[in-house]
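Listed below are the residues making up each chain.
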Amino acid sequence: PLTFLGAGVLEPRKAMERLIDAAAVLEGDGPFEIRILGEGRMLKAWQLTARRKGADQHMQWMGRIPHDEAQRQFQWADVFAFTSLRDTTGTVVTEALAAGTPVVCLDHQGCGDVVDQTCGLKVAVGSRPEMSQQFAAHLRQLARDADLHCQLSDGAVKRASRYLWSEQGMQMTEIYRSVLRDAGKEFNSEPDELSESTRPQLSTA
């Protein structure tokens with residue numbers, strides 16, 4: 001079966017109901033399995049939603065697990081679904097990419113910048129039904145197009161390398177150098193003498 005993974009603190013801003021809705025849409029498309037990593041106050045509510053929509057038979061709620069085991073889950077998954085409505089970036093996104101797992105996410109905030117066409121598919125922010133339908137469409141596309149999935153999996157590993165700490169350090173260093181170069185140019189471009197229009201005028205009174 002196709003395997004999907006979700007992860008994060010189970011609270012409203014993570015919007016796991018997008019994935020539950022997508023699972024309900026995918027019902028009948030063929031076998032698939034969804035695992036959710038994490039714990040939080042929305043667990044029972046989302047389990048009830050999954051049961052009401054008939055998606056619970058495909059879902060396994062893993063709870064909070066050790067980091068090493070979480071890494072194995074990223075490798076287990078064919079696709080990582082990041083449904084969060086409000087997040088700076090989501091470290092789990094880069095962890096999924098490092099495992100070679102294509103990401104489906106909303107096209108906003110940090111993940112909208114991290115995930116590009118080389119490593120995943122993005123969902124436009126809209127109404128709940130619109131986003132759920134797009135999530136389902138993207139998951140279905142990756143399930144049916146093996147070539148695309150392989151392409152995005154390869155791209156995920158390459159994209160993740162951009163976010164290594166060593167790479168981030170080099171990028172920050174270049175930003176500082178660029179600022180200093182620009183500041184130097186601005187300083188060196190100051191005229192030696194003030195123009196007539198800007199020279200202070202002495203009062204003759």
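Before reading on, note that the structure itself is shown above.
Residues numbered from 1 in each chain as written. Predicted model: local features only at pLDDT ≥ 70, side-chain atom pairs only at ≥ 80, totals over all residues. Heavy atoms only, no water.

Draft legend 1. Examining the state of the cysteines more closely. Per the counting criterion, the structure on display carries zero disulfides. For the unlinked cysteine Cys150, the closest cysteine sulfur is that of Cys119, found at 15 Å. (Disulfide = S-S within 2.5 Å.)

Draft legend 2. Highlighting the nonpolar core. Phe4, Ile34, Val104 and Leu139 are the most contacted members of the largest nonpolar core, which has 30 residues in total. Excluding residues within four positions of it along the chain, Ile34 makes contact with Phe4, Leu19, Ala23, His58, Met59 and Gln60. In this structure, Ala70, Phe82, Val92 and Ala160 belong to the second largest nonpolar core, which totals 20 residues. (Core = buried A, V, L, I, M, F, W, Y, C linked by side-chain atoms within 4.5 Å. Buried < 20%, exposed > 50% of the residue type's maximum accessible area, 1.4 Å probe, protein only. Contact = heavy atoms within 4.5 Å.)

Draft legend 3. Representation of the side chain of Lys14 in the model. Examined against the element boundaries, Lys14 turns out to sit in the loop between strand 1 (2-7) and helix 1 (17-26). A polar contact is formed between the side chain of Lys14 and the side chain of Asp87, at a distance of 2.5 Å. Other than its neighbours up to four places away in sequence, Lys14 contacts Gly8, Val9, Trp46, Thr83, Ser84 and Asp87. (Helix = DSSP H or I, 4+ residues; strand = E, 2+ residues; numbered from the N terminus. Polar contact = N/O pair within 3.5 Å; in protein donor to acceptor, adjacent residues only side chain to side chain.)

Draft legend 4. Spotlight on the sheet that holds strand 1. Pairing within the open sheet is parallel, and its six strands lie in the order 3-2-1-4-5-6. Strands at the two margins of the open sheet, each flanked by one partner only, are strand 3 (59-63) and strand 6 (120-123). Here the strands of the sheet are splayed against their neighbours by 20 degrees on average, with no regard to which way each runs. Examined bridge by bridge, strand 4 (residues 79-82) and strand 5 (residues 103-106) share three bridges and lie parallel to one another. (Pairing = 2+ DSSP bridges. Axes fitted to C-alpha atoms, helices over the stretch in contact; angles between N-to-C directions.)

Draft legend 5. Region of the structure containing the packing of helix 4 (residues 91-98) against helix 7 (residues 146-161). In contact at an axis separation of 7 Å, helix 4 and helix 7 are set at 125 degrees when each is read in the N-to-C sense. Here helix 7 runs oblique to helix 4, going by the angle between their axes. On helix 7, the residues touching Thr94, Leu97 and Ala98 of helix 4 are Ala156, Val157, Arg159 and Ala160. In terms of residue class, the contact of helix 4 with helix 7 is made up of five nonpolar, one polar and one charged. (Parallel < 35°, antiparallel > 145°, perpendicular 65-115°, else oblique. Nonpolar A, V, L, I, M, F, W, Y, C, P; charged D, E, K, R; others polar.)

Draft legend 6. Molecular detail of the pairing of strand 1. Within strand 1, six of the six residues are buried, which leaves the element mostly enclosed by the surrounding structure. On strand 1, burial covers both faces: Leu2, Phe4 and Gly6 on one face and Thr3, Leu5 and Ala7 on the other are all buried. Where strand 1 and strand 2 (residues 32-37) come together, six bridges link them in parallel fashion. Paired with Leu5 across the strands is Arg35, a residue of strand 2. Alignment of strand 1 against strand 4, held across two bridges, turns out to be parallel. By the bridge assignment, Phe4 is partnered in strand 4 with Val79.

Draft legend 7. Structural detail: helix 4. Buried within helix 4 are the following residues: Val92, Val93, Glu95, Ala96 and Leu97. Two residues or fewer after helix 4 comes Gly100, characterised by a positive phi angle close to 75 degrees.

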